[in-house]
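# Structure at a glance
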Amino acid sequence: MVIGTLQFELRVHDAESLKDKRRVVSSLKDRLHREHMVSCAEVAKQDSMASAVLGLALVAPSGKRAADVLDKVCAKLYSLTDAELVSIDRALIHRDELDAVRAEAPEAGSEDAELLAAEMLARAVGDDTAQEGTP
């Protein structure tokens, strides 16, 4: 099992209101889910009219399959007409990495468990802030 993740930032063209931006973002999220069977959500800059940061995740049986789907999603993002791709971060998390983390996992509900969850999320999206203890 492999988890594939993308975090990408879009600059939305001609958005005069948050409603205009959300129309573009919602349309993209729905299209990516429908065409590629991925989960997608806006994860930052929700109050900005001109930009949006989205996170995307998928589960696949192999790294090759996950990479193929992420390649297709990236191609679609580069070809957007109503928004411009500003940045993109991509990661694959393999089952053996998850097993190693699970073996060291603290008791559920403890503060250490919450920090571990934040660290796993940070690794998935390529962010170092959660590793410093800031979930």
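Scroll up to find the structure.
These lines cover the structure that appears in this document, whether it is placed above or below.

### Focus on unusual backbone geometry
Unlike most non-glycine residues, Met 37 shows phi in positive territory, near 55°. Locating Met 37 in the fold gives a position in the loop between α1 (18-36) and β2 (39-44).

### Quick notes on the pattern of salt bridges
With the rule as written, the count across this model stands at five salt bridges. Between Arg 11 and Glu 84 there is a salt bridge, with its nearest N and O atoms 3.3 Å apart. Of the two residues, Arg 11 sits in strand β1 (residues 2-12) while Glu 84 sits in strand β4 (residues 83-94), which places them 73 residues apart along the sequence. Note that Lys 21 is salt-bridged to Glu 42, the shortest N-O span being 2.8 Å.

### Some details on the sheet that holds β4
The sheet built from four strands is open, its strands ordered β2-β3-β1-β4 with antiparallel pairing. Two strands close off the open sheet at either side, each with one partner strand: β2 and β4. Direction aside, neighbouring strands of the sheet carry axes that sit 20° apart on average. By the bridge criterion, five bridges tie β2 to strand β3 (residues 51-60) in an arrangement that is antiparallel. Bridged to Cys 40 within β3 is Leu 56. Strand contacts of helix α2 (residues 63-78): β1, β3 and β4, with the helix running at about 175° to β4, the strand carrying the most contacts.

Rules used in this analysis
Residues numbered from 1 in each chain as written. Predicted model: local features only at pLDDT ≥ 70, side-chain atom pairs only at ≥ 80, totals over all residues. Heavy atoms only, no water. Helix = DSSP H or I, 4+ residues; strand = E, 2+ residues; numbered from the N terminus. Salt bridge = Lys/Arg side-chain N within 4 Å of Asp/Glu carboxyl O. Pairing = 2+ DSSP bridges. Axes fitted to C-alpha atoms, helices over the stretch in contact; angles between N-to-C directions. Contact = heavy atoms within 4.5 Å.

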